[in-house]
Amino acid sequence: MKNNLIILLISLILLSFAPTTAKENYTTQEELKKIAKDTQKCIDKNYMTDYAMMQCSLQGIEKYNKEIDKTVTAAKDMLSKEQYEQFLKTQKAWENFMKEEDNLLKQMFEKDCPPYLPCLSATGHRYHFVKNRAEDLSGICNTWTLFKKSGVLDDGKDFVPFNN
């Protein structure tokens, strides 16, 4: 059983880096890595002021939000009606969580800016939440697509169709 799990994990890791086909319109991990790299490059270039670094993070958040929307839209063509409704339900719950998180950050850090360091801290916090959500949704779609294409390993170490 342990060997099966190891084989499955290795397969998932290797296949998660495989390029997607044109039919798969969800955001890939490579696209998300580019956003992270571009955001970090902007921060490194603009490290002299908290305000400028905050603007870099805000741009990254905007890019990640676009990719989240892209993935949510793409999931509609991938999933069954029931699966997609659940997918949307979890996305709505995350959006509600982020609204509450924003309220908390505004109350704690963003009452008065300048100085911008507290606002930069709050923006960095938001950035990481949005980045993680984009990565999670992409990973869910990638794994589901992998299972649909390749099947899943059963206890006998054979690939069987994934019929969900």
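As the structure is a computational prediction, the values presented were derived from the model and not from experiment.

What counts and what doesn't
Residues numbered from 1 in each chain as written. Predicted model: local features only at pLDDT ≥ 70, side-chain atom pairs only at ≥ 80, totals over all residues. Heavy atoms only, no water. Helix = DSSP H or I, 4+ residues; strand = E, 2+ residues; numbered from the N terminus. Buried < 20%, exposed > 50% of the residue type's maximum accessible area, 1.4 Å probe, protein only. Disulfide = S-S within 2.5 Å. Axes fitted to C-alpha atoms, helices over the stretch in contact; angles between N-to-C directions. Parallel < 35°, antiparallel > 145°, perpendicular 65-115°, else oblique. Left-handed = near helix turned anticlockwise from the far one by under 90°. Contact = heavy atoms within 4.5 Å. Nonpolar A, V, L, I, M, F, W, Y, C, P; charged D, E, K, R; others polar.

What about unusual backbone geometry?
Cis geometry marks the peptide bond from Cys113 to Pro114; its omega dihedral reads 5°. Relative to the helices and strands, Pro114 resides in the loop between α4 (81–109) and α5 (117–150). Here the residue pair Pro114 and Pro115 is connected by a cis peptide bond, since its omega of 0° sits within 30 degrees of zero. Relative to the helices and strands, Pro115 resides in the loop between α4 and α5. Its identity is not glycine, yet Lys157 carries a phi of approximately 65°, on the positive side. On the accessibility criterion, Lys157 (45% relative accessible area) is partly exposed.

Examining the state of the cysteines
In this structure the tally under the stated criterion is two disulfides. The disulfide bridge from Cys113 ends at Cys119, spanning 1.5 Å between sulfur atoms. Disulfide Cys113-Cys119: torsion about the S-S bond near 70°, hence right-handed. Cys119 gets classed as buried once you look at its relative accessible area, which sits at 6%. Numbered by position along the chain, the disulfide-linked cysteines of the protein chain connect as 1-2, 3-4.

Remarks on the packing of helix α2 (residues 29–45) against α5
Taken N-terminus to C-terminus, the directions of α2 and α5 make an angle of 165°; their axes are 9 Å apart at the nearest point. Classified by the angle between their axes, α2 and α5 sit roughly antiparallel to one another. When you trace α2 past α5, the crossing you get is left-handed. Where α2 abuts α5, its residues Gln29, Leu32, Ile35, Ala36 and Thr39 lie against Tyr127, Lys131, Ala134, Glu135, Ser138 and Gly139. Looking at the contact of α2 with α5 residue by residue, the classes come out as five nonpolar, four polar and two charged.

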